[in-house]
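Geometric and topological summary
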Amino acid sequence: GNSVTQMEGPVTLSEEAFLTINCTYTATGYPSLFWYVQYPGEGLQLLLKATKADDKGSNKGFEATYRKETTSFHLEKGSVQVSDSAVYFCALSDRGTGNQFYFGTGTSLTVIP
Amino acid sequence: DVKVTQSSRYLVKRTGEKVFLECVQDMDHENMFWYRQDPGLGLRLIYFSYDVKMKEKGDIPEGYSVSREKKERFSLILESASTNQTSMYLCASSFPLGGGSTDTQYFGPGTRLTVL
């Protein structure tokens, strides 16, 4: 079946630190992979996506590379800011089930000045 | 920009009440989804719909029903609310596979429902 596993939080970093949030997946087909971000009190917003192996998604300084060999899609940012404090969700889209999404449990990030 | 709106940001209901959560999208998306979000559990799919008057059960449909009479509107119904349905409810929409430029799901702001 399909599933997503992401590192548990919460994660606390100082401003300008390097961020990695690990995400691995299990899929029966060839999924698209996503990172969504949820700021306090809001819904989920798409952060970045990758649709095939070796694609790199990037946005707002965040990056993630679709690694089929390790079934991973780790989120990275070189220098975090206080405004990056949020919950981050890794997800996959299974085309075999009509674009049904499978989400990880979310990783809470707090960046302190 | 895609816009998905939900009828309420916060809702307080009593046990046994019938509750309607409304979701509207303005991008002519065929697919619409209802999730609930709980701490430590992430997002869990309740119901989804690929077309008007069409619905499919997700992972946790018990205690819920849905209605899709118009393409842009997808309603989640709690027939008899219970305290274990206290949660954040998120609606999302997307193009169908092969349609549009992406299979991305777009989310509304969420409704935080408390059942007393």
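Look up: the structure comes first, before these words.
A few points on the structure. (Residues numbered from 1 in each chain as written. Chains lettered and ligands numbered in written order. Predicted model: local features only at pLDDT ≥ 70, side-chain atom pairs only at ≥ 80, totals over all residues. Heavy atoms only, no water.)

Side note on the sheet that holds strand β7 (residues 56-59) of chain A
All names here are of chain A. Here is the rule we go by: Any two strands with at least two DSSP-identified bridges between them are counted as paired. In this description a helix means any DSSP run of H or I spanning at least four residues, a strand means any run of E spanning at least two, and both kinds are numbered starting from the N terminus. In this analysis an axis means a line fitted to C-alpha atoms, helices contributing only their contacting stretch, and an angle means the value between N-to-C directions, from 0 to 180 degrees.
If you trace the 4 strands from one edge of the open sheet to the other, you get β3-β9-β8-β7, paired in antiparallel fashion. Taken across any chain shown, the strands that pair with only one partner, and hence form the sheet edges, are β3 (19-21) and β7. Direction aside, neighbouring strands of the sheet carry axes that sit 15° apart on average. Sheet topology places strand β8 (residues 62-65) next to strand β9 (residues 75-77); 2 bridges connect them, and they run antiparallel. Opposite F62, over in β9, you have K77 as the bridge partner.

Describing the side chain of Q85 of chain B
Applied cut-off: Note on contacts: a residue pair is in contact if any heavy atoms of the two residues lie within 4.5 Å.
Following the sequence through the fold, Q85 of chain B ends up in the loop between β8 (73-78) and β9 (87-94). Ignoring any residue separated from it by four or fewer positions in sequence, one finds Q85 of chain B in contact with R36, G63, Y64, L78, S80, L113 and V115 of chain B.

Quick look at the interface of chain B and chain A
Cut-off, in case you're wondering: Simply put, the buried area is the total loss of 1.4 Å probe accessible area from both parts when two parts are fitted together. Salt bridges, as used here, are contacts in which a Lys or Arg side-chain nitrogen is within 4 Å of a carboxyl oxygen on Asp or Glu. The definition of a polar contact used here is a pair of N or O atoms within 3.5 Å, where within protein one atom must be able to donate a hydrogen and the other to accept one, and adjacent residues in sequence count solely through side-chain atom pairs. Each residue is assigned to one of three groups, with Ala, Val, Leu, Ile, Met, Phe, Trp, Tyr, Cys and Pro labelled nonpolar, Asp, Glu, Lys and Arg labelled charged, and all others, Gly among them, labelled polar.
On the chain A side, the residues contacting the 24 residues of chain B number 21 residues. For the pair chain B and chain A, the summed buried area comes to about 1,700 Å², and 51% of that belongs to carbon and sulfur atoms. At the junction of chain B with chain A, the criterion picks out 0 salt bridges. Put simply, chain B and chain A have 5 residue pairs in polar contact (both at pLDDT 80 or more) between them. For the side of chain B that touches chain A, the secondary-structure elements that each account for two or more residues are β4 (31-38), β5 (42-49) and β9 of chain B. A per-class count over the side of chain B that touches chain A returns 12 nonpolar, 9 polar and 3 charged.

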